[in-house]
Every structure is written in structure tokens, then in C-alpha cells.
Amino acid sequence: MSKVRIYTLAKDLGVENHKMLEILDGLGVSYKSVSSTIEEDTVELIKEILAEEAAAAAAQPAQAETSSQRATPAPSSGAQAPSAPPSSQGAGAQTAVTEAPAATATADEVPHRAPVVTIMGHVDHGKTSLLDYIRKTKVAAKEAGGITQHVGAFEAKTSKGRIVFIDTPGHEAFTTIRARGANVADIAIIVIAADDSLMPQTREAIAHAQAAKVPMIVAINKIDLPQADPEKVKTDLTQLNLVPEEYGGDLVVVPVSAKTGEGVEDLLEYISLTAEIEDLRADPKGKFSGVIIEGKVDKQAGVLATVMVQEGTLHVGDFLVVGENYGKIKAMTDSAGARIKEAGPSTPVQILGFSTVPASGEKVQSAKNEHAAREVIATRVDVRRDEENARNRRRGPRTLEDIMG
Ligand code: GDP
Ligand code: MG
């Protein structure tokens, strides 16, 4: 074994991927992602560093982990440590070190949040089937508080934690949301049928994910079919400069079957792994912000909106502002249809309480009370009118012809 993938090593050594990347940064070793491979001598260095850290932690259990312990000298080829502080037990190093953990402490206090995943790909390649399979096997059935509605998102419970899927597949949902300046998805799954390989909408989906700088995972679907040719898919991807891991690149490619379920567990694991690397965090105690996933009118209930909570926590009774409209949350249900009173980050919730249907991708804010909500809207209306007036002035005086059409 000469080379090893970062995540494999992390797993073998029982440390988090983060930790591994931190050590590599300290060593000045470059990598693209946790799928990147590292040299054997770097592996040895990492083991030494971890052993030293363990020894230091045992000797001084009260002391916080210090960055100086990472700075092992004797860099090998390709593993230079130019910027690392000197390895020292001296007093100078000690004082310098006490500040470093304090600076990261605040970032670490913001809790992790579940990843939000979108599934894109060519028509008939199996997006809906894959989502259905995951929903069927990973969503704990709850006592529904009413009629279970399609809310545009669902939460899957996996052994690695929660994963939120946007279940309006197709890139329209993705692009309309992005067109309004919002980004809901953290990870994009590109579904490619093994019997069809790359098709126009596959390329579009890839382009969208790249433009949004959202990490991609390729799911090669329908591997149960006799005519499935996953190798062709991988070769075709390589031609787009997307090189699968097994060809030495960084693209995670997972063969799956939405029909038999084969590979789906692996896919979920790769999603969790990617989420871990992305280090997704949000503060449930922070100021609320969210995005509309879907809005619609229900004959019985009235206007229903699915909101993805991105920061902070929503409560029944909160006032929400969307564009130039506001509403008060009368009732809230989770994606399984259960009534809930509050919802934290990365939770899709269906909200009853708007009077007009909000559009996908609109940003949602909260206001202290009705008065505050009205004020926010009044300001927005003013700003819009000013902009409109300015635009009209720039166009110059309109002729009678313009007006009469
Ligand atoms: P979408 O347009 O991407 O949402 O694709 P669908 O999920 O609607 O699937 C299109 C067709 O492919 C349907 O007839 C599915 O039953 C079929 N299909 C989807 N996934 C698989 C699979 O893994 N294996 C097989 N054999 N058929 C599949
Ligand atoms: Mg579909």
C-alpha cells in the first residue's frame, strides 16, 4: 500500500475527517477533498502526530489541545511544514498556543446541522424512485396530525444522523430558488441511469451544481438492469473533467438501484461524509432566517408554505415576512405531517398562516410582532417604488405611443 485516501485513514485511525484535514493543513500537505490520496510517509507522520497528541493529553489532561503538538519537524517529500509553529515545550509556545483554541471555540459552539440534499438528473433516470426508496426505508412513520401533504422536502433518519432531502426533483426547483439568491441545498446528488449515461439534463444538472459551488455526488442508478454499464458512465464523466475516485480523481460515484435498494446505504453514508467535511453549522438560538421551498393553496386549509429553517428557530405564533407580505404562524407541521410547536435549523416545516402564496426561493424573516412586520414591509415597498421611479426616469419621457401600446 503506497497511497491511502484521507477518509479511509481517518476511519482506520478512529479520528474525524476534520481532524485529519487539520493535521494535513498543519503539515502543509495539499489535498482537494477527503477523497484525495496521501503518501505513505505522510501517513506515518500523521500517526506520529496523533500518538504525540495522545501522550500529551494523557500527561496534561486539563490542558486544551495545542496546535504546537501538530508541528512535528522532519517533513518528508511533499509534506513540508513551512508555516507550522516550532515544536516546543517552551514557555513562548505555551502562551502563543493558549490563544488559538479560544479563537476557534466560538465557531465550535455553533452546533452542527443536518445536510440538505437535492437530487437532480435527466428525466426518467430515477430521481423520484430513489427519493421514494429512501423515504420508504428511512422515514419513521409518525402519527400524522392531519392529512399527510406533499411538502417538498422530507427528513431521513440514518445511522449517521438526519439528512434532509428536497423532494421536488429536477433542477427547476433548484434554479428558481437560486435565481432568487437563496441557496438551500448543501449537497447535490446527480442521478445517472446506468443504461443511458450522460444526457442533456445530466450536463445541465452538473453545471447548476458547479455554478452553485455545491458538492456533487454521482449516483449511477439502475445497476440492476442487465444492460447497465456503469463503467461507461464513469468514462463519460471523465470526459467532463469529473474524474471518479477509482480513476484517481475526487468525484464520489456510488452505484445504486432504486428498485432493489442496492447501494442506497452507501449513498447515504457518502452524503453524511460529505456533510461532515462541509462542516455545516447553524445556531438554533440565532436570528431566524429561512427560504420558501414551496407554496400552495389547499382547498380546506388555505395557504400552505413549506419553509426550510436555515438559522434560528421558528415557533408557532411568530410573525414572518416574505417579500412584501407577512403572516403569523397559526400551525406548523413537520415533513411527516406531525404537528410541531418549534423547528430548528435544517428542518423543513409546513406553515399555515400566510394570506398570499409565497414563491419558491423567497427568503423568510421573522419579526417581533405585527407592527414590526408591517414596518419591514413598508420599507421594502418604499425601496421598490424608488427603484421603479429611478428606472422610469432613466428611460426618459414616454411618448403617447408607448402608453397606448
Ligand atoms: P425521474 O424522471 O428521474 O424521476 O425517474 P423515475 O423515478 O420516474 O423513473 C423512471 C423509470 O425508471 C420508472 O419506470 C422507474 O420504475 C424506473 N426506474 C427507476 N429507478 C430504477 C432502478 O434502479 N432500476 C430499474 N430497473 N428501474 C428503475
Ligand atoms: Mg420524477
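Scroll up a little and you will see the structure.
Notes on the structure follow. Predicted model, so just to flag it, every value in this text is computed and none were measured.

### What about helix α3 (residues 40-59)?
With 20 residues, α3 extends 29 Å from end C-alpha to end C-alpha; this agrees with the ideal 28 Å at 1.5 Å per step. Within α3, burial applies to Thr42, Val43, Leu45, Ile46, Ile49, Leu50, Glu53 and Ala56. The buried residues of α3 occupy one face: seen down the axis, they fall within an arc of 160°. Residues Ala58 and Ala59 are exposed on α3 and point more than 90 degrees away from its buried face.

### Here we look at the site of ligand 1
Not every one of the 15 residues close to ligand 1 is listed here, only the nearest: Asp124, Lys127, Thr128, Ser129 and Asp224. His125 is positioned such that a nitrogen or oxygen atom in its backbone is 3.4 Å from an oxygen atom of ligand 1. Protein contact buries 70% of the 580 Å² of open area that ligand 1 shows by itself. Looking at side-chain class alone, the shell around ligand 1 contains three nonpolar, seven polar and five charged residues.

### Quick notes on the pattern of salt bridges
Summed over the entire model, instances satisfying the criterion amount to 16 salt bridges. Two residues, Glu269 and Lys11, come together in a salt bridge whose shortest N-O distance is 3.5 Å. Separated by 258 residues along the polypeptide, Glu269 in helix α9 (residues 264-278) and Lys11 in helix α1 (residues 6-13) bring together distant segments of the chain. Look at Lys11 and you get exposed, because its relative accessible area is 63%. Between Glu269 and Lys160 there is a salt bridge, and its shortest N-O distance comes to 3.5 Å. You can see Glu269 sitting in helix α9 and its partner Lys160 sitting in the loop between β4 (153-158) and β5 (161-166), a full 109 residues away along the chain. Counted as one network, the salt bridges with shared partners bring together Lys11, Lys160 and Glu269.

Cut-offs applied
- Residues numbered from 1 in each chain as written.
- Chains lettered and ligands numbered in written order.
- Predicted model: local features only at pLDDT ≥ 70, side-chain atom pairs only at ≥ 80, totals over all residues.
- Heavy atoms only, no water.
- Helix = DSSP H or I, 4+ residues; strand = E, 2+ residues; numbered from the N terminus.
- Expected span 1.5 Å × (residues − 1).
- Buried < 20%, exposed > 50% of the residue type's maximum accessible area, 1.4 Å probe, protein only.
- Arc of directions from axis to C-beta.
- Near = heavy atom within 4 Å.
- Polar contact = N/O pair within 3.5 Å; in protein donor to acceptor, adjacent residues only side chain to side chain.
- Areas by Shrake-Rupley, 256 points an atom, 1.4 Å probe, with all protein chains shown as cover.
- Nonpolar A, V, L, I, M, F, W, Y, C, P; charged D, E, K, R; others polar.
- Salt bridge = Lys/Arg side-chain N within 4 Å of Asp/Glu carboxyl O.

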